[in-house]
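# A structural walkthrough
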Amino acid sequence: MSTTSFSGGKSHTKSFQELLCSPSLVGGLQQQLSICFVAVDILLSITAFVGNSLILVSLYKESSLHPPSKLLYRCLATTDLLVGLVAHPLYALYWMSVVQEHWSLCRYARDAAYITAYVLFLVSLMTMTAISVDRLLALLLGLRYKQIVTWKPTYIIVTTFWVFTLVASLCGIFYHRIIFLYSYLVTSFCLVISFASYKKIFCTLRYHQAQIRDQQQTSQTNALNMARFKKALYSALWVQLALVLCFAPIYTVEIVIAHTKKYSLLLVATRKVAVILLYFNSTLNPFLYCWKIIEVRQAVKRTLKEALC
């Protein structure tokens, strides 16, 4: 989950970030509004942590999902869990430091929140891209899918996501252009790959359906497998669409910031609302899993029954 700045110039971006911890910009923000932001961060922190903890426990117990696919969803749930465990508390700390006018603590909390945001958003985006490619391979490989797409290569890919993003983010502390360039490249690459994968999937599905109509025959097993594949496909698509929709407001606000010469308290408050909408994705995802993935929904029900009993 990212609050990245999409401006082309480093000095322009840096000036706005510095003003986020200065009495000249946020010092005049009403105390009630800042406290409201703190309360929202704490509330979403709790919901994201509880919801994604439940999903992780349920996925651990669920054995019917293909292990590589389950690993990707567990990685996605882990990033959402860390949003609740780390990102929201850091933003709450930032706004508390604004209320207390503790500008030194404010700068530390701001920088830590940005680094966390970069890492979690980019890993989430790369994981969603891997899920789209996984769905494409499941369609194209057919019966060979479970033999070719195994747990170990998927684990290596997921680990690579985390390592590269963490290294780029740490380097970005000293050289801002590194993390900006890395985020641009990763975001563009992931969106293109996801779009191409889903386009190929739907084109292939239409081709298969045309073949079935021409032949006017299909086995019950193939029909069942296709129905199951479509459910998994739409589940992944819903999750990815939710991520894009939650990301769109902060992207729009950052474009406005990049082309604004005079900042205002309204722009700061609008940006915070956009960040909240972005992080709300971490609270929303567990509901999408339970709604669209029947195996996860059943596992969650069993987990809740065990916990309540």
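These numbers come from a predicted model, not from an experiment. (Residues numbered from 1 in each chain as written. Predicted model: local features only at pLDDT ≥ 70, side-chain atom pairs only at ≥ 80, totals over all residues. Heavy atoms only, no water.)

## Description of unusual backbone geometry
In most cases, non-glycine residues show a negative phi, while peptide bonds are predominantly trans. Our working definition: Elements are defined by DSSP. Helices are runs of H or I of four residues or more, strands are runs of E of two residues or more, and each kind is numbered from the N terminus.
Here the phi dihedral of glutamate 101 falls at roughly 60°; this positive angle occurs in a residue that is not glycine. Here glutamate 101 is to be found in the loop between helix H3 (67–100) and helix H4 (103–141).

## Quick notes on the UniProt feature "transmembrane region" (unreviewed entry) in the chain
Cut-off, in case you're wondering: UniProt positions are given in the numbering used here, feature names are shortened, and annotations may be inferred rather than shown by experiment.
The UniProt record marks residues 32–59, 71–95, 115–143, 155–175, 181–198, 232–253 and 273–294 with the feature "transmembrane region" (unreviewed entry), using the residue numbering of this structure. When the span residues 71–95 is considered, its composition is 100% helix and 0% strand, and the gap between its end C-alpha atoms is 35 Å.

## A short note on the environment of tyrosine 263
Note the cut-off: The buried label goes to any residue with under 20% of its type's maximum accessible area, the exposed label to any with over 50%, and the partly exposed label to all in between, with areas taken from a 1.4 Å probe on protein chains only.
Position of tyrosine 263 among the secondary structure elements: in the loop between helix H8 (220–258) and helix H9 (265–292). Tyrosine 263 gets classed as buried once you look at its relative accessible area, which sits at 15%. When the C-alpha positions of tyrosine 263 and leucine 19 are compared, they lie 8.9 Å apart, and in sequence the two are 244 residues distant.

## Topic: the packing of aromatic side chains
Note the cut-off: Only centres within 6.5 Å qualify two rings of Phe, Tyr or Trp (six-membered ring in Trp) as a pair; their planes then separate them into stacked at under 30 degrees, edge-to-face at over 60, and tilted for everything else.
A full pass over the atoms with the stated rule returns 9 aromatic pairs. With centroids separated by 5.8 Å and ring planes inclined at 45°, the aromatic side chains of phenylalanine 247 and tyrosine 251 adopt a geometry described as tilted. You can see phenylalanine 247 and its partner tyrosine 251 sitting in helix H8, 4 residues apart, about one turn around the helix. The partly exposed category is assigned to tyrosine 251, whose relative accessible area is 37%. Each residue in the set Phe37, Tyr94 and Trp95 is aromatic and connected to the rest through ring pairs, giving one cluster.

## A few points about H9
For clarity, the threshold we go by: How far a helix is expected to stretch is found by multiplying one less than its residue total by 1.5 Å. One fitted axis covers the seven residues ending at a residue, a second covers the seven starting there, and the bend at that residue is the angle between these axes.
The terminal C-alpha atoms of H9, which comprises 28 residues, lie 40 Å apart, in line with the 40 Å expected from a rise of 1.5 Å per residue. At threonine 283, H9 is bent by approximately 35°, the largest bend along its length, and proline proline 286 sits one to four residues beyond.

## Re the packing of H9 against helix H10 (residues 294–308)
Note the threshold: Angles shown run from 0 to 180 degrees and are taken between the N-to-C directions of axes, each axis being a line fitted to C-alpha atoms and, for helices, limited to the stretch in contact. Comment on the angle field: the value is read as roughly parallel under 35 degrees, roughly antiparallel over 145, roughly perpendicular from 65 to 115, and oblique elsewhere. Note on definitions: a residue-residue contact is assigned when non-hydrogen atoms from the two residues lie within 4.5 Å. Side-chain classes are defined by residue name, with Ala, Val, Leu, Ile, Met, Phe, Trp, Tyr, Cys and Pro counting as nonpolar, Asp, Glu, Lys and Arg as charged, and the others, Gly among them, as polar.
The interhelical angle for the contact between H9 and H10, taken along N-to-C directions, is 105°, at an axis separation of 5 Å. By the angle between their directions, the pair H9 and H10 is classed as roughly perpendicular. On H10, the residues that touch Tyr289, Cys290, Trp291 and Lys292 of H9 are Ile294, Val296, Arg297 and Val300. Class assignment of the residues belonging to the contact of H9 with H10 gives a composition of 6 nonpolar, no polar and 2 charged.

## A short note on the packing of H3 against helix H6 (residues 151–174)
Put simply, the rule reads: Less than a right angle of anticlockwise turn of the near helix away from the far helix marks a crossing as left-handed, whereas a clockwise turn marks it as right-handed.
Put simply, H3 and H6 touch, their axes get as near as 8 Å, and they point 25° apart. With respect to their mutual orientation, H3 and H6 come out roughly parallel. At the point where H3 passes H6, the crossing takes the right-handed sense. Residues Pro67, Pro68, Leu71, Leu72, Cys75, Thr79 and Leu82 of H3 lie in contact with H6, whose contacting residues are Trp151, Thr154, Tyr155, Val158 and Trp162.

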